[in-house]
Structures are given as C-alpha cells and as structure tokens.
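Summary of the model geometry
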Amino acid sequence: MFSLFKKFPFVSNRFPTQFACSSTFSHITSDGTIAMVDIGSKVNSQRRAIVEATVKFPDSHTYQSYFNVTTKKGDARLCSKIAGILAAKRTSDLIPLCHQLPLSHIDIEYEHRHDLNEVLVRCICSTNYQTGVEMEAMVGATIAAITIYDMCKALSKSIEIRNIRLVEKSGGKSSSIPSN
C-alpha cells in the first residue's frame, strides 16, 4: 500500500491505487506520497494568467441593488476587488503545494451583463518567475466572486457563482487558451 494511503486512509476510498501514482499528477511521487514540485532548475520567464467567474443574480432587482451600492455592508464591487487581490497574494497559504510567487501585477475586472443579470469577474495575474500564476488568478477570481455573494446575500440567497475557468495562460513551457 502506498504511504499516502497509510498516512491518510480516507484517501484510498476516493482514489483507486492505479490512479494515485499516475505520471500525469506532478504532485504525487512514484510511491504515492505528495510533494511540492521542485522548480529550482527552471528559468524565470514572464507569465500571465486570466481566470473568470460568473456571479448570477436571480432577478433584475437584486442585480440593480448590487450596482446601486444598497447592500447593508457597503460597496460590493470595491470590497470584491480588494478581496480578490488579497486572495491572489495569499494563494500559497491556501493551496498546500502551491509555490509562493513574487506577483508583479494583479487586477480584478468586471464585465456587467445587464441582460442576463450577471457579473463576469476576471482576475489577471502576472509574474516573472519559474512557475505559472494560474492558481493565483483562480483564487483571486473565486474570492472576488464569493465576496460579491457575501455582500449581496441579504438581498437574495439565490445568487450563484458559476463557471470558474482559466481563460488564458502565457509564459513558461506552454501558452494557451483552454478550449471550452
């Protein structure tokens, strides 16, 4: 039995042994333990990632209240932007095997889809480092979206966070725009 399963027996119920040591998982060693990837020999390069998340409001009244800053907690957009930036900066504290990165830029942008009662939250992160910034952008977009929910939940508990996805990645070995 692999040592991962010895240390965490609950894992064996969820992940069959034949998948635990798959070479496609960079954070699982051949004996089944977890390890942080060694990036020491990688060269610094300019890297960027964009992640989007959708906040879906149940109706136009709730959506308009988000714009009118009528939430009891204050300005949902401003609080969301600050929360997303702070979250991206703290990603390595939240994701156990994620490297701590020197981020050179983080931004949270909003695309308002009035006809759909939706806000598309976009987090853009960049660095000049040895590994990518996808996780930082993922955490930033997610926390920004969740913060909108938190700021507006007094108006409706039916607000949904949807479609958190990597939109663009550049730098390092691969640059890509994921297919849908």
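Up top is the structure.
Heads up: these notes are all about the structure in this document. (Residues numbered from 1 in each chain as written. Predicted model: local features only at pLDDT ≥ 70, side-chain atom pairs only at ≥ 80, totals over all residues. Heavy atoms only, no water.)

1. What to know about unusual backbone geometry
- A positive phi is found at Asn117, a non-glycine position, where the angle reads about 55°.
- Residue placement: Asn117 occurs in the loop between strand S2 (103-113) and strand S3 (118-129).
- Assessed through its relative accessible area of 14%, Asn117 is described here as buried.
- Phi at Asn163 takes a positive value of approximately 50°, unusual for a residue other than glycine.
- When you line up the elements, Asn163 lands in strand S4 (residues 160-170). (Helix = DSSP H or I, 4+ residues; strand = E, 2+ residues; numbered from the N terminus. Buried < 20%, exposed > 50% of the residue type's maximum accessible area, 1.4 Å probe, protein only.)

2. A closer look at the pattern of salt bridges
- The final tally for this structure, using the stated rule, is twelve salt bridges.
- With a shortest N-O distance of 3.1 Å, Arg122 and Glu111 are connected by a salt bridge. Pair noted here: Arg122 is in strand S3 and Glu111 is in strand S2, with a separation of eleven residues, a long-range link.
- In this structure, the salt-bridge partner of Arg162 is Glu160, at a minimum N-O distance of 2.7 Å.
- Given the relative accessible area of 31%, Arg162 is considered partly exposed.
- Taken together, the shared-partner salt bridges in this structure form one network comprising Glu52, Glu109, Glu111, Arg113, Glu118, Arg122 and Arg165. (Salt bridge = Lys/Arg side-chain N within 4 Å of Asp/Glu carboxyl O.)

3. Examining the packing of helix H5 (residues 76-89) against helix H7 (residues 134-152)
- The contact between H5 and H7 brings their axes to 7 Å, and the two run at 150°. The orientation of H5 relative to H7 falls into the category roughly antiparallel. For the crossing formed where H5 meets H7, the hand is right-handed. For the pair H5 and H7, the contacting residues are Ala76, Cys79, Ser80, Ala83, Gly84, Ala87 and Ala88 in the first and Glu136, Val139, Gly140, Ile143, Ala144, Ala145, Thr147, Ile148, Met151 and Cys152 in the second.
- Residue classes in the contact of H5 with H7 are distributed as twelve nonpolar, four polar and one charged. (Axes fitted to C-alpha atoms, helices over the stretch in contact; angles between N-to-C directions. Parallel < 35°, antiparallel > 145°, perpendicular 65-115°, else oblique. Left-handed = near helix turned anticlockwise from the far one by under 90°. Contact = heavy atoms within 4.5 Å. Nonpolar A, V, L, I, M, F, W, Y, C, P; charged D, E, K, R; others polar.)

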